[in-house]
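Tertiary structure, described
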Amino acid sequence: WLDLRLRQGQKRQALDVIEGLTVYDQNTMAVREFAAARLAAALGDKERAQEAAKRLFTLHGYDGVSMDQIANEAGVSKLTVYSHFGDKDALFMEAIRVKCEEQMPADLFPADLKGPLRVQLTRIAQAFFALITSDEALSMHRMMLTQSSDMRVRQMFWQAGPQRVQEAFNEFLQARMPAGELVV
């Protein structure tokens, strides 16, 4: 199954399955390690660093993660991480942006109406609810609300995630008004 997903370019789905495996015994652990190794081979250095950053930032927050930790988790050099992302701020913002894009892809906000508006709004609402109630989002929001989280990190988080989703939804709604489909 994993090889099929990887051949089809469905790396995100394969990663979700690997992360969802629960470690109950040595056999499950071996399966998880094998699957993770297969996925790592299929992902490029940049994608592995990005996935590692998403996991680590979610678990430990911005201040609790170093570029060394991300490089080690991804199995790449620190130089590789810096060459792809420039600095920790850019990697943090990219990790948030990618997570939001996974949950709220751009095709949720089509410029032209495809089907009833109610159906589209329902799809958007369901995707948004899944995003904000995911373990990763809840963990990240908790960290953003702590006293130790500085305003600069909160601003980066807002710009990379929630602001982008808000702007896309606003454009979606604005496009419906001229056609009389929506009155705001």
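Above this note sits the structure.
1. A word on the packing of aromatic side chains
Under the definition given, this model contains 6 aromatic pairs. Summarising the aromatic geometry, the rings of F109 and F172 are spaced 6.4 Å apart at their centres and angled 70° between planes, so their arrangement reads as edge-to-face. One end of the pair, F109, is in the loop between α7 (88-103) and α8 (117-132); the other, F172, is in helix α11 (residues 162-176), and 63 residues separate them in sequence. The exposure classification of F109 matches that of F172, with both residues buried. Within the aromatic cluster, the residues linked to one another by ring pairs are F57, Y62 and F92. The ring of Y62 has K88 sitting right over it, with the charged end atom 4.4 Å from the ring centre.

2. A short note on the environment of S66
Within the secondary structure, S66 is located in the loop between α4 (45-60) and α5 (67-74). Sequence-wise, S66 and A53 are 13 residues apart; in three dimensions their C-alpha atoms are separated by 9.4 Å.

3. Overview of the packing of helix α9 (residues 135-145) against helix α10 (residues 151-160)
Remark: α9 packs on α10, axes separated minimally by 10 Å, with the N-to-C direction vectors making an angle of 145°. Here the hand of the crossing between α9 and α10 comes out left-handed. Residues M140, H141, M144 and L145 of α9 form the contact with α10, whose own contacting residues are V153, R154 and F157.

4. Structural notes on the nonpolar core
F57, I70, V81, L91, F92 and M104 are the most contacted members of the largest nonpolar core, which totals 36 residues. Of all the elements in the fold, those that place two or more residues in this core are α4, α5, α6 (78-85), α7, α8, α9, α10 and α11. Not counting the four nearest positions on each side in its chain, F57 is found in contact with Y62, V65, I70, K88, L91, F92, A95, M140 and M143.

5. Section: the environment of Q69
You can see Q69 is positioned in helix α5. Each C-alpha atom of the pair Q69 and A52 lies 8.7 Å from the other, and the pair is 17 residues apart in sequence. Leave out the neighbours within four places in its chain, and Q69 touches L56 and G64. From its side chain, Q69 meets the backbone nitrogen of S66 in a polar contact 2.7 Å long.

What counts and how
Position numbers for residues start from 1 in each chain and track the written sequence from start to end. In keeping with the predicted nature of the model, local features appear solely for residues at pLDDT of at least 70, side-chain atom pairs appear and are counted solely at 80 or more, and the whole-chain, interface and lining totals rest on all residues. Values shown for side chains rest on all heavy atoms present in the structure; no hydrogens or waters enter the calculation. Only Phe, Tyr and Trp rings take part, Trp by its six-membered ring, and two of them pair if their centres are within 6.5 Å. Stacked means planes under 30 degrees apart, edge-to-face means over 60, and tilted covers everything else. Only DSSP runs of H or I covering at least 4 residues are called helices, and only runs of E covering at least 2 are called strands; the numbering of each starts at the N terminus. Three exposure classes are used, based on accessible area relative to the maximum for each residue type with a 1.4 Å probe and protein chains only: buried under 20%, partly exposed in between, and exposed over 50%. In this analysis the charged atom, NZ for Lys or CZ for Arg, is taken to sit over a ring once it is within 6 Å of the ring centre and within 35 degrees of the ring normal. Interaxial angles span 0 to 180 degrees and are taken between N-to-C directions of axes, which are lines fitted to C-alpha atoms, for helices over the stretch in contact. Handedness of a crossing follows from how the near helix is turned relative to the far one, being left-handed for an anticlockwise turn of less than a right angle and right-handed for a clockwise one. What makes two residues a contact is simply this: any of their non-hydrogen atoms within 4.5 Å. Throughout this description, the term nonpolar core refers to a set of buried Ala, Val, Leu, Ile, Met, Phe, Trp, Tyr and Cys residues connected via side-chain atoms within 4.5 Å. Whenever two N or O atoms come within 3.5 Å, that pair is a polar contact, provided that in protein one can donate a hydrogen and the other can accept it, and provided that, for residues adjacent in sequence, both atoms are side-chain atoms.

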